[in-house]
Every structure is written in structure tokens, then in C-alpha cells.
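Observations on the three-dimensional arrangement
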Amino acid sequence: MTDTIFAKIIRREIPADIVYEDDEILAFRDLNPQAPVHVLFIPKRAIASLEKAEPGDAELLGKLQLAAAAYARELGMAEDGFRTVINCNTHGGQTVYHLHVHLLAGRHMHWPPG
Ligand code: 5GP
């Protein structure tokens, strides 16, 4: 897999506003926020996209979602609600090929997305 901007953030080669970290996950604020809270939850072990994820990645994928929900709870935004999104490949709008979960919170989300 080619190196990505997120790999550089994990290695602290470029700065990011990190809000959560554990052995497997790093979370930091999106550079171009689409909601009052817009945080990216990424696995430290890179997977290029959801399409490339394998059965052995199932627990890690669950942990990313749970970490996002826990952070929304910590901010007091879970009860009002939030959205998690994984964009996959070109039609999904993925631009960084290091799988990540977007956490969006702090405003009413619309459906369907554009
Ligand atoms: P995608 O479009 O791949 O689902 O999401 C990539 C996200 O990464 C975008 O929302 C974009 O704003 C964010 N992003 C891209 N480069 C950087 C960066 O260098 N730092 C941070 N914090 N976010 C970035």
C-alpha cells in the first residue's frame, strides 16, 4: 500500500489535532470540517479502503465505530445524534486511501446525502 497523509499523521510527521488514541486507533479533527464536530477515526494498521478489508479486520472495524460513538458520548452529543460515514473508493467519495470513519455531530444531518 502506498503511503498516505494519514500514515504521516500516525508517525507524527505532520501535525494533526488529535482527540483520541489507543493501541489500535488514532482520531483527529478533519482539516475541512463538514459539521461542528468532524473527527476521523483511523486504524494505525492501514487498510486502504473498506473494499480491501478482510474478515480478520472485523473487530478493528467495530472498534472504530465504537470509539466514534464513545467520543460523541464524551462530548454530550450522542443523545441528540451523530453520523458515522465510511467513504469507499471513487463513487463513495474516498480521497485518502487509508480507511477511516468520519464522525459528524453538532448539527442536524440530512438524508439522502449528495
Ligand atoms: P475521504 O474523502 O477519503 O472520505 O475523507 C478524507 C478526509 O480527510 C477529508 O474529509 C479531508 O478533509 C481530510 N483530510 C485530508 N487531508 C488531511 C490532513 O492533512 N489533515 C486532516 N486533519 N484531515 C485531512
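These lines cover the structure that appears in this document, whether it is placed above or below. Throughout, a residue's number is its position along its own chain's written sequence, starting from 1. Only residues with pLDDT of at least 70 get local features here, since the model is predicted, and only at 80 or more are side-chain atom pairs given and counted; chain-wide, interface and lining totals rely on the full set of residues. For the side-chain quantities, the full set of heavy atoms in the structure was used; hydrogens and water were omitted.

Attention now goes to unusual backbone geometry. For the peptide bond that leads from W111 to P112, omega is 5°, which places it in the cis range. Tracing the backbone through its elements, the reader meets P112 in the segment after β5 (101–105). Positioned with a positive phi, R12 is a non-glycine residue whose angle comes to about 60°. You can see R12 is positioned in the loop between α1 (5–10) and β1 (18–21). Throughout this description, buried means an accessible area under 20% of the type-specific maximum (1.4 Å probe, protein chains only), exposed means over 50%, and partly exposed covers the range between. Among the residues examined, R12 registers a relative accessible area of 46% and is labelled partly exposed. Of note in the backbone geometry, N89 takes a positive phi value of approximately 60° without being a glycine. By definition, any uninterrupted DSSP run of H or I lasting at least four residues is a helix, any uninterrupted run of E lasting at least two residues is a strand, and each is numbered from the N terminus. Among the structural elements, N89 can be located in helix α3 (residues 89–92).

For the rest of this paragraph, the subject is the sheet that holds strand β3 (residues 37–43). For two strands to pair, DSSP has to find at least two bridges joining them. Taking strand neighbours across the sheet as the criterion, the five strands line up as β1-β2-β3-β5-β4 in an open arrangement whose pairing is antiparallel. Of all the strands in the sheet, just β1 and β4 (82–85) have a single pairing partner and so form its edges. Pairwise comparison of adjacent strand axes, ignoring direction, gives a mean angle of 20° for this sheet. Strands in contact with helix α2 (residues 58–74) are β1, β2 (25–29), β3, β4 and β5; relative to β3, the strand with the most contacts, it is inclined by about 155°. Geometry is summarised by axes, namely lines fitted to C-alpha atoms with helices restricted to the contacting stretch, and by angles between N-to-C directions that run from 0 to 180 degrees. In this description, contact between two residues means that some pair of their heavy atoms is separated by no more than 4.5 Å.

Another point: α2. Residue count minus one, scaled by 1.5 Å, sets the expected span of a helix. Taking 1.5 Å of rise per residue, the 17 residues of α2 would be expected to cover 24 Å, and the 24 Å separating its terminal C-alpha atoms lies within 8% of that figure. Here α2 has its buried residues at L60, L61, L64, A67, A68, A69, Y71 and A72. Tucked into the core, α2 has its buried residues touching β1, β2, β3, β4 and β5. Positive backbone phi, approximately 75°, marks G76, located one or two places after α2.

Around the ligand, the structure places 16 residues, and the nearest of them are R29, D30, N87, T95 and H102. For this analysis, a polar contact is any N or O atom pair within 3.5 Å, provided that within protein one partner can donate a hydrogen and the other can accept it, and provided that sequence-adjacent residues contribute only side-chain to side-chain pairs. With respect to the ligand, the backbone of T95 contributes an N or O atom lying 2.7 Å from an oxygen atom. Here V96 contributes a backbone N or O atom positioned 3.0 Å from an oxygen atom of the ligand. Compared with its free state, where it exposes 520 Å², the ligand has 83% of that area covered by protein. Considering each element in turn, the shell around the ligand owes the most residues, three residues, to α1. For this description, a residue counts as near a given molecule or strand if any of its non-hydrogen atoms is within 4 Å of it. Every accessible area reported is derived by Shrake-Rupley at a probe size of 1.4 Å, with residue values counting cover from the shown protein chains alone.

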